[in-house]
Amino acid sequence: MGNKTNGLLALLGVGALAWWKYKKSSPEDQQKVKDTFNTAKENLTKFGNDLKDKANQTADQLKDKATETADQFKNKAEEVKTDVQNATH
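Residues numbered from 1 in each chain as written. Predicted model: local features only at pLDDT ≥ 70, side-chain atom pairs only at ≥ 80, totals over all residues. Heavy atoms only, no water.

Participant: Would you mind going over the overall build of the chain in detail, with residue names and values included?
Facilitator: Helices and strands together make up the secondary structure of the chain, namely two helices and zero strands. Computed over the C-alpha atoms, the radius of gyration of the chain is 30 Å, more than 25% above the 12 Å expected from 2.2 N^0.38 for a compact globule of 89 residues. For the chain, the C-alpha atoms occupy an extent of roughly 95 × 40 × 5 Å along the three principal directions. For the chain, the accessible surface area stands at approximately 8,300 Å², while carbon and sulfur atoms represent 60% of it. Computing the positive centroid from 15 side-chain charges and the negative centroid from 13, the chain places the two 12 Å apart. (Helix = DSSP H or I, 4+ residues; strand = E, 2+ residues; numbered from the N terminus. Rg over C-alpha atoms; globule rule 2.2 N^0.38 Å. Areas by Shrake-Rupley, 256 points an atom, 1.4 Å probe, with all protein chains shown as cover. Lys, Arg positive; Asp, Glu negative; His and termini not counted. Charge placed at Lys NZ, Arg CZ, Asp CG, Glu CD.)

Participant: Before we move on, could you go through the pattern of salt bridges and cite the residues and values that matter?
Facilitator: The full count for this structure, using the stated rule, is three salt bridges. When the shortest N-O distance is used, the salt bridge between Lys32 and Asp29 registers 4.0 Å. Of this pair, Lys32 and Asp29 both sit in helix H2 (residues 27-88), three residues apart, which is roughly one turn of the helix. Judged by its relative accessible area of 35%, Asp29 is partly exposed. For Glu68, the salt bridge is made with Lys65, and the minimal N-O distance between the two is 4.0 Å. Here Glu68 and its partner Lys65 are both found in helix H2, three residues apart, which amounts to about one turn of the helix. (Salt bridge = Lys/Arg side-chain N within 4 Å of Asp/Glu carboxyl O. Buried < 20%, exposed > 50% of the residue type's maximum accessible area, 1.4 Å probe, protein only.)

Participant: Pulling in residues and values, what's your account of a nonpolar patch on the surface?
Facilitator: On the surface, Leu8, Leu9, Leu11 and Leu12 cluster together into a nonpolar patch covering about 420 Å² of accessible area. In this fold, Leu8 is placed in helix H1 (residues 3-24). (Patch = residues over 30% accessible without salt bridge, like charges linked within 9 Å, V, L, I, M, F, W, Y side chains within 5 Å.)

Participant: Describe in detail the side chain of Gln30, supporting the description with residues and values.
Facilitator: Among the structural elements, Gln30 can be located in helix H2. Looking at Gln30, the relative accessible area reads 18%, which means it is buried. Once you skip the residues sitting within four places of it in the chain, Gln30 turns out to touch Tyr22, Lys23 and Ser25. (Contact = heavy atoms within 4.5 Å.)

Participant: Explain H1 residue by residue, including any values.
Facilitator: Taking 1.5 Å per residue as the helical rise, H1 with its 22 residues ought to reach 32 Å, and the 31 Å between its terminal C-alpha atoms agrees with that figure. The element H1 is largely exposed, with a buried count of one among its 22 residues. (Expected span 1.5 Å × (residues − 1).)

Structure (structure tokens):
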């Protein structure tokens, strides 16, 4: 058996042990486990939302900077065009 198979079997064994222990625990202990999972879920959701917001902010900043740079190039090109036209007349 490869390492992946052994790792998967170990993970399944630990999961089965945790499930058995959860089922045999008191209702108060079961509620503590549920609360821990709910807190972890909320934290992951918050982290994901924060990461998404940061990515959107960065994308907006990059878009604004690209637009600004494009406008600068356009203005410079118009200046050069005007200079060339003035020099030929």
